[in-house]
Amino acid sequence: MINSIYTVLGMACGHCADAVTEELERVPGVTAVEVHVEADRVSVTSDRELDLAQVRAAVEEAGYELTAHNT
Amino acid sequence: MRPLSDSDPKEFIAGFFTSFSEELLRDDEDPAAIVDRYHTKDIIETADGHRMDRDKLIAHTRPVRKNRPISRMEVHEAVADGDRIAARYTLHVQQRKKEFAMEVYFFGQFAGDGRMRRAHMLTRTVPAGEKGDQATAALGEQAAPA
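Residues numbered from 1 in each chain as written. Chains lettered and ligands numbered in written order. Predicted model: local features only at pLDDT ≥ 70, side-chain atom pairs only at ≥ 80, totals over all residues. Heavy atoms only, no water.

Student: So what about the overall build of chain B? Which residues, and what values?
Tutor: The number of helices and strands found in chain B is three helices and six strands. Each helix and strand of chain B, ordered N terminal to C terminal, gives the series α-α-β-β-α-β-β-β-β. Summarising the internal contacts of chain B: among those between residues at least 6 apart in sequence, 58% fall at separations of at least 24. Total accessible area on chain B is roughly 7100 Å²; 49% of this is exposed by carbon and sulfur atoms. (Helix = DSSP H or I, 4+ residues; strand = E, 2+ residues; numbered from the N terminus. Contact = heavy atoms within 4.5 Å. Areas by Shrake-Rupley, 256 points an atom, 1.4 Å probe, with all protein chains shown as cover.)

Here you go:
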């Protein structure tokens, strides 16, 4: 299992967290998503190395902005 | 924007959120300028325990503009005391091909010119389309942040 941490801007509440989680769970290989709204942080667990472009696209699709990949 | 002191509390709170949302979605104006028209610079909003300052509020305009939620706001009751207001309302939202509704318990403080200074909101999701107990301010189809 691989755990990656991303900085995502624009999240404000639980509904934001749900939208980001829903899109990230569609990315192939993702097994779990944990969102920390106040910290602008999203933790993604996957069974393979994730393509940053795919992760970014998922976050963008939800309407948010991925600004950093911290792992 | 009308000051709270000159307004019916229900109309004030409905008008505040409706107008703010409409301005955000109307064009590509700098969101910081719009946020500043409706909030004091030291704004702190706490929604379900999540704290938002001015910067986070501005950042949150991006998904609002991207997702362009359609919402209808029903204000069930609202009371004002000086510069503070308490209200209970339901937001019916259509966003990203989904519908949901949330009942909101709102406590806020506003500056004399009608800008928001502080807000605490607790929300609970209710079945989409469920009518509030007394629809007192059906505003029609309006865009509002979810």
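Student: Quick rundown of the overall build of chain A? Include the residues and the values.
Tutor: The number of helices and strands found in chain A is two helices and four strands. Overall, chain A shows an N-to-C arrangement of helices and strands of β-α-β-β-α-β. Taken over C-alpha atoms, the radius of gyration comes to 10 Å for chain A, in line with the 11 Å a tight globule of 71 residues would show. C-alpha atoms of chain A, sized along the principal axes, occupy 30 × 20 × 20 Å. Counting all 71 residues of chain A, 49% fall into the buried class. Accessible surface computed for chain A: about 3200 Å², of which carbon and sulfur atoms make up 46%. In chain A, 4 positive and 13 negative side-chain charges are present, and the distance between their average locations comes to 4 Å. (Rg over C-alpha atoms; globule rule 2.2 N^0.38 Å. Buried < 20%, exposed > 50% of the residue type's maximum accessible area, 1.4 Å probe, protein only. Lys, Arg positive; Asp, Glu negative; His and termini not counted. Charge placed at Lys NZ, Arg CZ, Asp CG, Glu CD.)

Student: Can you tell me about the sheet that holds strand β2 (residues 50-52) of chain B, naming the residues and giving the values?
Tutor: Residue and element names in this part refer to chain B. Taken together, the six strands give an open sheet; going across it, the order is β2-β1-β6-β5-β4-β3, and neighbouring strands pair in mixed fashion. The strands lining the two open edges of the sheet, one partner per strand, are β2 and β3 (70-81). The average angle at which neighbouring strand axes cross in this sheet is 20°, direction not considered. The pairing of strand β1 (residues 39-47) with β2 spans three bridges and is classified as antiparallel. The partner of A47 across the bridge, within β2, is H50. Along the sheet face, helix α1 (residues 9-26) touches β1, β3, β4 (84-95), β5 (98-110) and β6 (116-126) and points at about 140° away from the line of β3. (Pairing = 2+ DSSP bridges. Axes fitted to C-alpha atoms, helices over the stretch in contact; angles between N-to-C directions.)

Student: Any chance you could break down the pairing of β4(B) for me, citing the residues and the numbers?
Tutor: All names here are of chain B. The element β4 is extensively covered by neighbouring structure, given that nine of its 12 residues are classed as buried. Pairing of β3 with β4, which is carried by 11 bridges, proceeds in the antiparallel orientation. Directly across from V75, in β4, lies its bridge partner Y89. Between the antiparallel neighbours β3 and β4 lie two residues, among them G82 with a positive phi of about 65°. Bridging between β4 and β5 involves 12 bridges; their strand directions are antiparallel. Bridged to Y89 within β5 is V104.

Student: Could you give an account of the UniProt feature "domain: SnoaL-like" (unreviewed entry) in chain B, naming the residues involved and the relevant values?
Tutor: UniProt records the feature "domain: SnoaL-like" (unreviewed entry) for residues 28-118 of chain B in the present numbering. The straight-line gap between the two end C-alpha atoms of residues 28-118 of chain B is 26 Å; of that span, 24% is helix and 57% is strand. (UniProt positions renumbered as here; feature names shortened; annotations may be inferred.)

Student: Describe the interface of chain A and chain B, with residues and values.
Tutor: Contacts between the two partners involve 19 residues from chain A, matched on the other side by 17 residues from chain B. Surface buried jointly by chain A and chain B totals about 1600 Å² across both partners, of which 47% is contributed by carbon and sulfur atoms. Of all residues in chain A, A:A12, A:H15 and A:E38 give up the largest surface area on contact with chain B, accounting jointly for 35% of the area buried on that side. On inspection of chain A and its partner chain B, the count reaches three salt bridges. A:D40 is the partner of B:K56 in a salt bridge, and the nearest nitrogen-oxygen pair spans 3.1 Å. Linking chain A with chain B are nine residue pairs in polar contact (both at pLDDT 80 or more). Broken down by secondary-structure element, the contributors of at least two residues to the side of chain A that touches chain B are α1 (14-24) and α2 (52-62) of chain A. The greatest single-element share of the side of chain A that touches chain B, amounting to six residues, is contributed by α1(A). Looking at side-chain class alone, the side of chain A that touches chain B contains eight nonpolar, four polar and seven charged residues. (Buried area = accessible area lost by both parts, 1.4 Å probe. Salt bridge = Lys/Arg side-chain N within 4 Å of Asp/Glu carboxyl O. Polar contact = N/O pair within 3.5 Å; in protein donor to acceptor, adjacent residues only side chain to side chain. Nonpolar A, V, L, I, M, F, W, Y, C, P; charged D, E, K, R; others polar.)

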